Amino acid sequence: MVLKQALIFLGPPGAGKGTQSKRMAERCGVPHLSTGDMFRDAVSRGTELGRRVKPMMERGELAPDDVVMQMVEERLAESDCARGAVFDGFPRTLPQAERLGKILESKGFGKPLVVDFCIAPETLLRRIAGRWTCSVGGEIYNIYEAPPKIAGICDFDGGTLVQRADDRAEVVKERLAAYQRQTRPLADYYRRLGVLEEIDASASVDNVSRALAKIVNCGDGSDGRL
Ligand code: AP5
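Scope of this entry: the structure provided in the associated data block. (Residues numbered from 1 in each chain as written. Predicted model: local features only at pLDDT ≥ 70, side-chain atom pairs only at ≥ 80, totals over all residues. Heavy atoms only, no water.)

### Brief notes about the site of the ligand
And then number 1: Near the ligand there are 34 residues, and of these Thr19, Glu61, Arg131, Tyr141 and Arg175 occur at the shortest range.
And then number 2: Between the ligand and Gly18, the relevant distance is 2.8 Å, taken from an oxygen atom to a main-chain nitrogen or oxygen of the residue.
And then number 3: In this structure, Gly89 approaches the ligand through a main-chain N or O atom, which is 3.0 Å from a nitrogen atom.
And then number 4: Contact with the protein chains hides 97% of the accessible area of the ligand, taken as 1100 Å² for the molecule alone.
And then number 5: Put simply, the parts of the chain that give the shell around the ligand at least two residues each are helix H1 (17–28), helix H2 (35–45), strand S6 (140–142) and helix H9 (205–215).
And then number 6: Looking at the shell around the ligand element by element, the count peaks at four residues for H2.
And then number 7: The residue makeup of the shell around the ligand, split by class, is 14 nonpolar, ten polar and ten charged. (Near = heavy atom within 4 Å. Polar contact = N/O pair within 3.5 Å; in protein donor to acceptor, adjacent residues only side chain to side chain. Areas by Shrake-Rupley, 256 points an atom, 1.4 Å probe, with all protein chains shown as cover. Helix = DSSP H or I, 4+ residues; strand = E, 2+ residues; numbered from the N terminus. Nonpolar A, V, L, I, M, F, W, Y, C, P; charged D, E, K, R; others polar.)

### Some thoughts on H1
And then number 1: With twelve residues, H1 should reach 16 Å at 1.5 Å per residue; the first-to-last C-alpha distance of 16 Å fits that figure.
And then number 2: As for H1, its buried residues are in contact with strand S1 (5–10), strand S2 (32–34), strand S3 (84–88), strand S4 (113–118), S6 and H9.
And then number 3: Looking one or two places after H1, you find Gly29, whose phi comes out positive at around 70°. (Expected span 1.5 Å × (residues − 1). Contact = heavy atoms within 4.5 Å.)

### Quick notes on the environment of Arg164
And then number 1: Inspection of the secondary structure puts Arg164 in the loop between strand S7 (161–162) and helix H7 (169–183).
And then number 2: For the pair Arg164 and Arg40, spaced 124 residues apart in sequence, the C-alpha separation works out to 9.3 Å.
And then number 3: In this structure, Arg164 is in contact with Arg40, Arg131 and Arg175, ignoring residues within four places of it in sequence.
And then number 4: Within the structure, the side chain of Arg164 is placed 3.0 Å from the side chain of Asp166, a separation counted as a polar contact.

### Structural notes on the packing of H2 against helix H3 (residues 48–59)
And then number 1: The contact between H2 and H3 brings their axes to 8 Å, and the two run at 115°. The interaxial crossing formed by H2 with H3 has left-handed handedness. Contact with H2, carried on its side by Gly36, Phe39, Arg40, Ala42 and Val43, involves Leu49, Gly50, Val53, Lys54 and Met57 of H3 and no other residues of that element.
And then number 2: When grouped by side-chain class, the residues that make up the contact of H2 with H3 number six nonpolar, two polar and two charged. (Axes fitted to C-alpha atoms, helices over the stretch in contact; angles between N-to-C directions. Left-handed = near helix turned anticlockwise from the far one by under 90°.)

### Notes on the nonpolar core
And then number 1: Membership of the largest hydrophobic core comes to 30 residues, with the highest contact counts inside it found for Phe39, Leu76, Phe87, Phe90, Leu100, Val114 and Tyr190.
And then number 2: Broken down by secondary-structure element, the contributors of at least two residues to this core are S1, H3, helix H4 (65–76), S3, helix H5 (94–106) and helix H8 (185–192).
And then number 3: Per element, the largest residue contribution to this core is six residues, and it comes from H4.
And then number 4: Once residues lying within four places of it in the same chain are set aside, the contact partners of Tyr190 are Ile8, Pro91, Ala97, Pro112, Val114, Val195 and Leu196.
And then number 5: In terms of nonpolar packing, the next biggest core, distinct from the first, is built from 22 residues, Val30, Val115, Ile128 and Ile199 among them. (Core = buried A, V, L, I, M, F, W, Y, C linked by side-chain atoms within 4.5 Å. Buried < 20%, exposed > 50% of the residue type's maximum accessible area, 1.4 Å probe, protein only.)

### Digging into the side chain of Gln96
And then number 1: Summarising the element assignment, Gln96 is placed in helix H5.
And then number 2: One polar contact links the side chain of Gln96 to the main-chain amide nitrogen of Arg92, over a distance of 2.9 Å.
And then number 3: Leave out the neighbours within four places in its chain, and Gln96 touches Asp65, Val68, Met69, Phe90 and Pro91.

### Regarding the sheet that holds strand S5 (residues 131–134)
And then number 1: One open sheet accounts for three strands, arranged S6-S5-S7; its pairing is antiparallel. Each of the sheet's edge strands pairs with one partner strand only, and the pair in question is S6 and S7.
And then number 2: Relative to S7, S5 runs antiparallel, the two sharing two bridges. Pairing of Cys134 across the sheet is with Leu161, part of S7. (Pairing = 2+ DSSP bridges.)

Structure follows, in structure tokens:
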């Protein structure tokens, strides 16, 4: 990511966007903006926004574009986003992508860099079934691929690990359908803009990070190594 650039991680549920965007945001020293995390936080705090989106999330449907955009625009106005951000799970519809493009332009950002996480559906289901997340710091684990040292406890802050309410099989089916219907077309949209890069997201966590490091320039003179 060069200075003043947005990095967008695009891909289906369970592709590893959250895992990699946390690493990338830390590496580049910019915020990690996950609209899913922002909604889950609002739900757990019982805010008006949380009460509005909770039923949609429980059904695996997307939240309305105007709700998403208001939340993102408020977040982007904060000073820590001045140099860029890693977007995880946003944008997810064409109207969101078009609106984001206008916001970035008005803030004097260059074109975003969009990375499409390519992965087979059967791998996604296994990853989602094995996912546990820290209830305190949000660290993501997987009981098959990346287990914590002590079952049920976060290695970093000792928080309790929990499973997401929308990771039940019937909700996952709807989330995948929503992805195909509403988000998949964004790959073509960004390809036409000439800003899309694809990575093999089925590789190990470290190998996906290495592949990303070759694509993303943090603007700090790093040579792309982890
Ligand atoms: P959101 O939270 O964005 O969920 P998602 O896009 O469905 O993506 P996930 O978080 O499920 O997967 P991920 O790709 O981040 O994978 P992860 O890194 O965790 O959205 C939730 C809901 O919020 C939506 O359904 C919608 O209702 C609403 N919403 C959010 N944004 C919205 C928007 N813009 N517009 C409208 N509505 C919106 O990895 C998965 C598992 O695999 C983990 O266990 C991890 O440890 C493991 N893993 C990761 N990488 C690897 C690897 N390389 N090898 C092996 N295991 C791996």
